[in-house]
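Observations on the three-dimensional arrangement
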Amino acid sequence: MAKRKLKVGVIGVGAIAQEVHLPAWKELEAEGRVELAAVCDLLPENLNKAAKEYEAPKKYKSFKKMLNENNFDIIDVCTHNRCHCPAVVAALNAGAHTMVEKPMAMSAKESREMIKASKANKRKLMTGQHMRFETANEKLKELVERGDLGQIYYGQAQYLRRRGIPGWGKFHIKRESLGGALIDIGVHVLDLAFWLMGCPKPVAASGKTYRMFGDRDDLCNADWGTPYPPKEFDVEDYASAIIRFEKGITLHLEVSWAANIPDHVESLRILGDKAGISTNPLQISSYENDALTSKHFDWLPEKKGHREEIRHFTECVEKDLPVRVKPEESLQIQMILDAIYESSRKNKEIRIK
Ligand SMILES: NC(=O)c1ccc[n+]([C@@H]2O[C@H](COP(=O)([O-])OP(=O)(O)OC[C@H]3O[C@@H](n4cnc5c(N)ncnc54)[C@H](O)[C@@H]3O)[C@@H](O)[C@H]2O)c1
């Protein structure tokens, strides 16, 4: 008997959905594993373009109506952050396994609601932390899990743009997105470092966020889309934080959408007592026989993180496997983010319980 295709619906079909999610769903459709049954968006121009280009048979303005009128196996939520929690909870309550773009939610409280709905309905929930699915990062995880680093004690994660504030969407509006650089790009490297370090339990965070450029009209942000009105910008464009975990592990995080630096930086360093790993270039540094060594990776097969995360989630649903990005891990990330903002407001370290 032919295997039943999984019925997929996508809520929010703006930039990221059209760039990577919908092409990945269509690829799985071509393989006979899923059918893209419906798309939903509040904006008619995005809705009509996505439905036409990706041949979705049904299109909706309201996700509630879409969920009421169909039985989905999988819902993929790619809306602004403010809508993540309501759309995910509605999708889980409608019986669909649900993926949601990063960040998981607007607060740890919302993340808990989402996890509760996932458990109550016995449906899978996964945040789209696509960096966990990139080949180089999978290789690093393999080294860590094999014990090559020994005891891990420190990490440093940086994602710094000289100028790179998204001009589209609602990234610059706090009530829609929760925050700026920390939420848009910081969450990627924070989650990646946390995962590579073995998901240790966070105990405290101390951080500071800054809005130095985003609300100015002399920003020189030329390559980053149609500019938003500067007055609307009420999020941070730079953040730095120290996060403390159990067993004395610490992580230093630094993120910018705009900063006076010579170039873009995307780098990760994880230190263990046997070896340390660093990225860009990817290498593992250690010592043996009275010598210091660094092993380079000259070539790794290229896999696109977003595509792989969607394929992974589909396989987890098909075979009832556990998802790589556990919702409880995304909750810990959300608790760290909440603590960094609180720390910045109160100028003190915040305990994470
Ligand atoms: N993983 C990544 O690399 C990556 C990159 C960019 C964006 N993102 C995430 O993807 C999400 C969307 O970002 P984007 O760049 O596509 O933004 P976007 O503004 O281009 O698209 C968001 C879409 O959601 C729609 N929407 C909002 N509320 C809705 C609702 N209630 N019902 C239906 N549709 C609704 C909007 O109309 C819009 O079309 C964000 O959470 C963002 O953090 C992830």
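Let me begin by describing the structure that accompanies this report. Residue numbers here run from 1 along each chain, matching the order of that chain's written sequence. Owing to the predicted nature of the model, reporting of local features is limited to residues with pLDDT of at least 70; listing and counting of side-chain atom pairs is limited to 80 or more, with chain, interface and lining totals taken over all residues. Side-chain descriptors were evaluated using all non-hydrogen atoms of the structure, hydrogens and water having been removed beforehand.

1. Structural notes on the overall build of the protein
Starting at the N terminus, helices and strands are each numbered in turn, a helix being any DSSP run of H or I of at least four residues and a strand any DSSP run of E of at least two. A tally of regular secondary structure across the protein gives 10 helices and 15 strands. The globule rule used for comparison is 2.2 Å times the number of residues to the exponent 0.38, while the radius of gyration itself is calculated over C-alpha atoms. Here the C-alpha atoms of the protein give a radius of gyration of 21 Å, agreeing with the 20 Å that 2.2 N^0.38 yields for 353 residues. Buried residues in the protein amount to 54% of all 353 residues. Contacts are assigned to residue pairs with any non-hydrogen atoms lying within 4.5 Å of each other. Put simply, of all contacts in the protein between residues at least 6 apart along the chain, 73% involve residues at least 24 apart. All accessibility values rest on the Shrake-Rupley procedure with a 1.4 Å probe; residue burial counts only the protein chains present in the view. Working note: accessible area of the protein is about 16800 Å², and carbon and sulfur atoms make up 51% of it. For the protein, the distance from the average site of its 54 positive side-chain charges to the average site of its 50 negative ones is 6 Å. Only protein chains enter the accessibility calculation, which uses a 1.4 Å probe; a residue whose area is less than 20% of its type maximum is buried, one above 50% is exposed, and one in between is partly exposed. Neither His nor the chain termini are counted; the positive set is Lys and Arg, and the negative set is Asp and Glu. Charge coordinates come from a single atom per side chain, which is NZ of Lys, CZ of Arg, CG of Asp or CD of Glu.

2. As for the sheet that holds strand S3 (residues 58-60)
In short, DSSP must find at least two bridges between two strands for them to pair. Reading across the sheet, the 6 strands line up as S3-S2-S1-S4-S5-S6 and stay open at both edges, with parallel pairing between neighbours. Edge strands, defined here as strands with exactly one partner in the open sheet, are S3 and strand S6 (125-128). For this sheet, the mean angle separating the axes of adjacent strands, direction not counted, is 20°. As judged from the 4 bridges shared by strand S5 (residues 97-101) and S6, these two strands associate in the parallel manner. Of the residues in S6, the one forming a bridge with Thr 98 is Leu 125. Lines fitted to C-alpha atoms define the axes here, with helix axes fitted over just the stretch in contact, and angles between the N-to-C directions of these axes take values from 0 to 180 degrees. In the packing of helix H9 (residues 305-319) onto the sheet, the strands contacted are strand S1 (6-11), strand S2 (34-40), strand S4 (74-77), S5 and S6, and the crossing angle to S5 comes to about 165°.

3. Overview of the nonpolar core
To qualify as a nonpolar core, a set must consist of buried Ala, Val, Leu, Ile, Met, Phe, Trp, Tyr and Cys residues joined through side-chain atoms within 4.5 Å. In this structure, Ile 75, Met 114, Ile 243 and Leu 253 are the most contacted members of the largest nonpolar core, which totals 82 residues. Counting residues per element, this core draws most heavily on helix H8 (residues 181-196), which supplies 12 residues. Two domains each donate at least three residues to this core, and these are domain 1 (6-128) and domain 2 (141-304 + 334-351). Sequence-distant contacts of Leu 253, that is, excluding residues within four places in its chain, are made with Ala 157, Leu 182, Gly 186, Val 189, Leu 190, Ala 239, Ser 240, Ala 241, Ile 243 and Ile 340. Membership of the second largest hydrophobic core comes to 28 residues, among which are Val 10, Val 39, Ala 56 and Met 126. Segmentation into domains, and thus their bounds, comes from an automatic or database assignment.

4. Some details on the site of the ligand
Taken together, 25 residues lie near the ligand, and Ala 15, Asp 41, Asn 46, Asn 81 and Lys 102 sit nearest. Measuring from a nitrogen atom of the ligand, one finds a side-chain N or O atom of Glu 101 at 3.1 Å. A distance of 2.8 Å is found between an oxygen atom of the ligand and a backbone nitrogen or oxygen belonging to Lys 102. Protein contacts shield 89% of the accessible area of the ligand, which totals 840 Å² for the unbound molecule. Put simply, Ala, Val, Leu, Ile, Met, Phe, Trp, Tyr, Cys and Pro go in the nonpolar bin, Asp, Glu, Lys and Arg in the charged bin, and everything else, Gly too, in the polar bin. Residues belonging to the shell around the ligand are distributed by class as follows: 11 nonpolar, 11 polar and 3 charged. There are two domains that each give the shell around the ligand at least three residues, and those are domain 1 (6-128) and domain 2 (141-304 + 334-351). Throughout, the term near means that a residue has one or more heavy atoms lying within 4 Å of the molecule or strand in question. Here a polar contact is recorded for every N or O atom pair within 3.5 Å, except that within protein the pair must consist of a potential hydrogen donor and a potential acceptor, and residues adjacent in sequence are included only if both atoms are side-chain atoms.

5. Digging into the environment of Asp 223
Turning to its location among the elements, Asp 223 is positioned in the loop between strand S8 (202-210) and strand S9 (238-245). Here Asp 223 falls in the exposed class, since its relative accessible area comes to 73%. Counting along the chain gives 58 residues from Asp 223 to Ile 165, while the straight-line C-alpha distance between them is 9.2 Å.

6. Looking at the environment of Lys 304
Its place among the elements puts Lys 304 in the loop between strand S14 (291-296) and H9. For Lys 304 and Met 106, which are 198 residues apart along the polypeptide, the C-alpha to C-alpha distance reads 27 Å.

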